[in-house]
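Listed below are the residues making up each chain.
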Amino acid sequence: MNLDLSRRHANIVGCGLIGGSIGLALRARGWHVSGTDLDPAVAGRALELGALDSIGSDPDATITFVAAPVGAIPALAKASLDTTQGAVTDVGGVKAGIVGAVGGGRFIGGHPMAGSEQLGVDGADPDLFQGAVWVLTPVAHTDPECYALVRSVVSDLGAEVIALAPERHDDLVAVVSHVPHLTATAMMRLAAARAEEHQPLLRLAAGGFRDMTRIAAGSPSIWPDICAENRDAICTVIDSLIASLGELRDTVARSDRDGLLHALTEAQAARRNLPSRVSDLSEVAELRVPVADRVGVIAEVTTLATELGVNIADVDLAHSSEGDAGVVVVLVDSSKAEAFREGLVELGYRPALRSLE
């Protein structure tokens, strides 16, 4: 399909914290933003706050963001595909079920890993996505042009975009997002229960406790759907967490200083080695990957980059004027470019690599 990228019109379906923040960020970059919400008062407030230019849905929008609770996303995304000709994406915290339910090449599953203790559209912030990771989940039938458009737009909002298969996303976010939120919830419930007996307890909460439980202040309403959709992965991770806590409990009970020090040192090293988020690459290399005009190419190339730890600065698809072929043009961190090239070769591609310095 041929998207008119010069027509910067967008739809927002759901005008809460995330939808409102997307609207503010898009409007700050010159987009005309239309929006709807199940609660007309919320849409009106979004208009009042400047997150929308108009209330309603623009059938000619180049891109539509569905920013609704996970359980409502499939129906709303399908409706957006039926009523617009552009790309459609979502912001749900679980991906496999949504991507499978929606289908269609113009739908690209998405998950901005950003949030705030603020609730609703009044907490919307145009800078919410600066430096945040935004996951996209292309699949075999994903339209390459729609994927490139969605990736370009969310990158322009300041996010670092990575691509994952939907099922892979769900397994990973159970570890880094879903179970941490439930753990923070458990810690706060424990502290609150003890505070009834010992009033000074919560006043003694130091920085470590506050940092660890900060995410428990987020909106509770989104979590029942997320936990239902990602139940198996979440339960598996909780079982592993319980086992790990049990090992630490036994270490403490035995007064095993060496064992405890080893566990703490191991955790410290892992925490310090967490990858930093890079939103502005000073050195990039270009890989030009000749591809057949077939479904699944974008998903293969971009998800391979994520699995290899390669940060993609930009991606584009150049169609050939003759035959069913094209070239995927990918800009990557130059330090990882050769590893990425070798991975593509192993998949059967013949990429050409050049430095842009």
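Relevant structure appears above.
Quantities reported herein were computed from a predicted structural model and do not represent experimental measurements.

Student: Explain a nonpolar patch on the surface here, please?
Tutor: Judged by side-chain polarity, Leu241, Leu245 and Leu248 come together as a nonpolar surface patch covering roughly 230 Å² of accessible area. On the secondary structure map, leucine 248 appears in helix α10 (residues 231-253).

Student: Sorry, what's going on with unusual backbone geometry here?
Tutor: Most peptide bonds are trans, and most residues other than glycine sit at a negative phi. Even without being a glycine, serine 255 presents a positive backbone phi close to 55°. With respect to the helices and strands, serine 255 occurs in the loop between α10 and α11 (257-272).

Student: When you look at the packing of α10 against α11 in this model, what are you seeing that I'm missing?
Tutor: How two helices sit against one another is set out by the angle between their axes and by the gap between those axes. Interaxial distance between α10 and α11 falls to 8 Å at its minimum, and their mutual angle equals 145°. Along this stretch, α10 crosses α11, giving a crossing that reads as left-handed. Contacts between α10 and α11 involve Leu248, Thr251 and Val252 from the first element and Gly259, Leu260 and Ala263 from the second. Taken together, the residues that form the contact of α10 with α11 break down as four nonpolar, two polar and no charged.

Student: I tried to follow helix α2 (residues 40-49) on my own but got confused; where do I start?
Tutor: Because the α-helix completes a turn every 3.6 residues, residues three or four places apart line up on one side. N-cap assignment for α2: the residue whose side-chain oxygen lies 2.9 Å from the backbone N of alanine 41 is aspartate 39. Of the residues trailing α2, glycine 50 is marked for its positive phi of about 90°.

Student: It is not clear to me how the packing of helix α12 (residues 297-307) against helix α13 (residues 337-346) should be interpreted in this structure. Could you clarify?
Tutor: For the pair α12 and α13, interaxial distance at closest approach is 10 Å and the crossing angle is 135°. Judged by the inter-axis angle, α12 sits oblique to α13. The crossing of α12 and α13 is right-handed. Contacts between α12 and α13 involve Val301, Leu304 and Ala305 from the former and Phe340, Gly343 and Leu344 from the latter. Among the residues forming the contact of α12 with α13, the class breakdown is five nonpolar, one polar and no charged.

Student: How do you make sense of the pairing of strand β7 (residues 133-137) when you look at a structure like this?
Tutor: In regular strands, side chains alternate between the two faces of the sheet. Most of β7 sits inside the fold, with five of its five residues counted as buried. Side chains of β7 alternate between two faces, with Val133, Val135 and Thr137 and Trp134 and Leu136 buried alike. Bridging between β7 and strand β8 (residues 160-163) involves four bridges; their strand directions are parallel. Bridged to tryptophan 134 within β8 is valine 161.

Student: I'm lost on the packing of aromatic side chains in this one. Help?
Tutor: Where two aromatic rings form a pair, the distance of their centres and the angle of their planes describe that pair. Applying the stated rule across the entire model yields two aromatic pairs. Here the aromatic cluster, defined as three or more aromatic residues joined through ring pairs, consists of Phe65, Phe129 and Trp134.

Student: I would appreciate a short explanation of α10 in the present structure.
Tutor: Here α10 is 23 residues long and its end C-alpha atoms lie 32 Å apart, about the 33 Å a rise of 1.5 Å per residue gives. Along α10, the positions that sit buried rather than exposed are Ala233, Ile234, Val237 and Thr251. Following α10 by one or two positions, serine 255 has its phi on the positive side, about 55°.

Student: What am I meant to see in the nonpolar core here?
Tutor: Generally speaking, a soluble globular protein has its nonpolar side chains buried in company with each other. Of all hydrophobic cores here, the largest spans 55 residues; its most connected members are Ile22, Leu26, Phe65, Trp134, Val328 and Phe340. In terms of residue count, helix α5 (residues 144-156) provides more of this core than any other element does, six residues in total. Beyond its immediate chain neighbours, meaning those up to four positions away, phenylalanine 340 contacts Leu287, Val301, Leu304, Ala305, Leu308, Val310, Val330 and Val332.

Conventions adopted
- Residues numbered from 1 in each chain as written.
- Predicted model: local features only at pLDDT ≥ 70, side-chain atom pairs only at ≥ 80, totals over all residues.
- Heavy atoms only, no water.
- Patch = residues over 30% accessible without salt bridge, like charges linked within 9 Å, V, L, I, M, F, W, Y side chains within 5 Å.
- Areas by Shrake-Rupley, 256 points an atom, 1.4 Å probe, with all protein chains shown as cover.
- Salt bridge = Lys/Arg side-chain N within 4 Å of Asp/Glu carboxyl O.
- Helix = DSSP H or I, 4+ residues; strand = E, 2+ residues; numbered from the N terminus.
- Axes fitted to C-alpha atoms, helices over the stretch in contact; angles between N-to-C directions.
- Left-handed = near helix turned anticlockwise from the far one by under 90°.
- Contact = heavy atoms within 4.5 Å.
- Nonpolar A, V, L, I, M, F, W, Y, C, P; charged D, E, K, R; others polar.
- Polar contact = N/O pair within 3.5 Å; in protein donor to acceptor, adjacent residues only side chain to side chain.
- Parallel < 35°, antiparallel > 145°, perpendicular 65-115°, else oblique.
- Buried < 20%, exposed > 50% of the residue type's maximum accessible area, 1.4 Å probe, protein only.
- Pairing = 2+ DSSP bridges.
- Phe/Tyr/Trp six-rings, centres within 6.5 Å; stacked < 30°, edge-to-face > 60°.
- Expected span 1.5 Å × (residues − 1).
- Core = buried A, V, L, I, M, F, W, Y, C linked by side-chain atoms within 4.5 Å.

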